[in-house]
Amino acid sequence: MAYQTIVEDNIDILVAGAGLGGTGAAWEARFWGQNKKIVIAEKANIDRSGAVAQGLYAINCYMGTRFGENNPEDHVRYARMDLMGMVREDLLFDMARHVDSAVHQFEEWGLPLMKDPKKGNYLREGRWQIMIHGESYKPIVAEAAKKSADKVFNRICVTHLLMDESKENRVAGAVGFNVRTGNYHVFKSKTVIVGAGGASNIYKPRSVGEGAGRVWYAPWSSGSAYGLMIEAGAKMTQMENKIVLARFKDGYGPVGAYFLHLKTYTQNCHGEEYESNWFPGLTEMVGKEYLDTENQHFSHKPIPTCLRNHAFISEVNAGRGPIHMVTMEAFQDPHLEEIGWHNFLGMTVGQAVLWAATDVDPKNQNPELTTSEPYVMGSHATGCGAWCSGPEDLSPPEYFWGYNRMTTVEGLFGAGDAVGGTPHAFSSGSFTEGRLAAKAACQYIDDGKANGIRVSEQQIEKRREEIYKPMEHYKVYRNEIVAGSVNPNYINPRQGLDRLQKMMDEYCGGVTVSYMTNEKLLNIGLQKMKLLEEDLEKLGAADIHELLRSWELKHRHLAAESVFHHTLFRKETRWPGYYYRGDAMKLDDENWHVLTVSRRDPKTGEYTMEKAPCYHIVSEKEE
Ligand code: AMP
């Protein structure tokens, strides 16, 4: 094949994937590693990549400690409650104590944060959320990362991590290919910080066919953070904790600003409040500790996101859909009307376009909401990701193995969606996590932990062959098409993705089964996943673009398999409204007040599952 091999050697810190997590990593790495070689490999262009590519209207994680608003302990309590107890409090606290400084930095770099002209503090949407003019959020933050890195490789799809051959379970860099030129890229590095993002399109989306691509999370987020780390044998946690979002129908416009700032609320098709009808039954399912509606004051201690979903889903299933967002009251105020539209124009322009195209004026009618397909990610109200070490001053021994945000593979760090057990980090928290990971990675190198790394030509050549195999396969068999795009010798990446999505949807609690699954279904699904894995060896890619889609699919498949194993392992319904285990419909604190940890053996592909303690480090009560 004519593609060149391009080797970048002697890297200290390789940032694989530069969304908000990766940019934070590159920036902080330069601070602690003045003379270190920092390289970024990014699938798109760092100026517009990751989940924040199209902008944001709010920064959802800001303590405001300097204004006396919140402290990090408050945020841990909030996230813990929202996730039904299941978080890594050490990691969360660590992020929360540093996040404000990241936000102040963004402001210094030119991001316009809205301010109260009298008090001088940032304008808030809700207790944790501040409002920004954020269409250009990503380019602004990317500029800092670009100035920090020695080299930025855009358009590189990182497919695999390189492993050290002198010491087992130690990372040695990564490989991938350029999605424009097709060239093979080898990055030999002492450490790798993975910030390659969570996963959309693992589950069959509500919008298919002509609407494909209209999903809530970034459609380009292919779960590569998970795919890369799982393949290398890193332990994962909370992969069953997929998230379902209540959103404006079809455009997936976010609801946070509406609920929190515009004070809009929901109604069923009869114009009735419905949530409270479902709470008594829900309290029976999850216990009073998690939903005590008599004493739970909504604005101060919000109902967990999944439980709000549960009321929504149940009301629709009872035949009283659609659920409407009551916008007609708030939108009579011209200021709030403007904010409502700005909110979409700054981050989900598609929702504004959809409303304009379908004659929906939220001033004159209450728009429909829907619940999305599940997503596998770790920075919104969910905590999927790698099992990482916490900081030395906070973490109990089970959570600490030397370097902050290092996975169980030596020298391999995570940031953003890559790190498990840290929900509610959002953009600012992901950037902060990148910073923390980079600081620890510099220390790891300075401690001599990366000395003596060896990568053979055989390893590099083996990966090269593997990467281009779908194109070779296509070339050999392309003349054997029997009809349309059907070929008995290969499947193309679109066909493979359709198959994966159908499987996840039907067997692992997707939309068409109202998020329901059970042990039997999961076991059947896992069997089918193995068959799909065999067929993925026969992917056919007609061009470099399809090669990209092939590797995205393989990463999604690895992430999905992990979700299956975790969902099977946790025999309870911890998050009603995200998914249901029909054979264990109650939350079971006696047996499952634990974090779930998995490892896929890179040699055999076999999974082992274990329970890890879920420590509560922050006290129950606010002081
Ligand atoms: P979203 O627009 O749904 O992505 O949410 C933005 C922020 O608002 C996140 O911090 C959410 O957790 C929060 N949020 C959204 N809806 C609500 C609600 N009904 N009550 C409390 N917090 C919410």
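Refer to the structure presented above.
These figures come from a predicted structure and were not determined experimentally.

Taken together, the neighbourhood of the ligand is formed by 14 residues, with Gln129, Arg247, Gly256, Arg308 and His380 sitting nearest. In the environment of the ligand, an oxygen atom lies 2.7 Å from a nitrogen or oxygen atom belonging to the side chain of Arg247. In this structure, an oxygen atom belonging to the ligand sits 2.6 Å away from a main-chain N or O atom of Gly256. If the ligand stood free it would expose 470 Å²; the protein chains cover 92% of that surface. Counting residues per element, the shell around the ligand draws most heavily on helix α6 (residues 256–261), which supplies three residues. When its residues are assigned to classes, the shell around the ligand shows seven nonpolar, five polar and two charged.

Here Ala386 shows up in strand β14 (residues 385–386). You can call Ala386 buried: its relative accessible area is 0%. Measuring from C-alpha to C-alpha, the distance between Ala386 and Ala234 comes to 6.9 Å, with 152 residues separating the pair along the chain. If near-sequence neighbours (up to four positions away) are discounted, Ala386 is found in contact with Met229, Lys235, Met236, Thr237, Thr407, Ala418, Val419 and Gly420.

Right, let's talk about the layout of surface pockets for a bit. Its boundaries defined by the atoms lining it, the second largest pocket holds a volume of some 980 Å³. Examining the composition of the lining of the second largest pocket, we find that seven residues originate from one element, helix α12 (residues 457–477), more than from any other. Residue composition of the lining of the second largest pocket, by class: ten nonpolar, nine polar and 17 charged.

Counted residue by residue, strand β18 (residues 594–600) has six buried out of seven residues, so it is predominantly covered. Of the pairings in the sheet, the one linking strand β9 (residues 236–237) to β18 comprises two bridges and is antiparallel in character. The partner of Thr237 across the bridge, within β18, is Val597. Both β18 and strand β19 (residues 607–613) contribute to a ladder of seven bridges, which runs antiparallel. Its bridge partner being in β19, Thr596 is matched across the sheet by Lys611.

Reading the values: rules and limits
- Residue numbers restart at each chain and count upward from 1, following the sequence in its written direction.
- Per-residue local features of the predicted model are confined to residues with pLDDT of at least 70, and side-chain atom pairs are confined, for both listing and counting, to 80 or more; whole-chain, interface and lining totals are unaffected and use all residues.
- Only hydrogens and water are set aside; all other atoms, that is, all heavy atoms of the structure, feed into the side-chain values.
- To be near a molecule or strand, a residue needs just one of its heavy atoms within 4 Å of it.
- For this analysis, a polar contact is any N or O atom pair within 3.5 Å, provided that within protein one partner can donate a hydrogen and the other can accept it, and provided that sequence-adjacent residues contribute only side-chain to side-chain pairs.
- Using a 1.4 Å probe, the Shrake-Rupley method yields the accessible areas, and only the shown protein chains count as cover for residues.
- For the purposes of this entry, the term helix denotes a DSSP run of H or I that reaches at least four residues, the term strand denotes a run of E that reaches at least two, and both are numbered from the N terminus.
- Basically, the charged four are Asp, Glu, Lys and Arg, the nonpolar ten are Ala, Val, Leu, Ile, Met, Phe, Trp, Tyr, Cys and Pro, and anything else, Gly included, counts as polar.
- Categorising residues by exposure relies on relative accessible area from a 1.4 Å probe, with only protein chains included: less than 20% of the type maximum marks a residue as buried, more than 50% marks it as exposed, and the intermediate range marks it as partly exposed.
- By definition, residues are in contact when any of their heavy atoms lie within 4.5 Å.
- Only protein atoms enter the 1 Å grid used here. Points where a 1.4 Å probe fits but cannot escape make up a cavity, open sets with protein on both sides within 12 Å along at least five of seven lines make up a pocket, and a residue lines them when an atom lies within 4 Å of a point.
- Grid points are joined across faces, edges and corners, and a volume is the space filled by probe spheres set on the points.
- We treat two strands as partners when DSSP finds at least two bridges between them.

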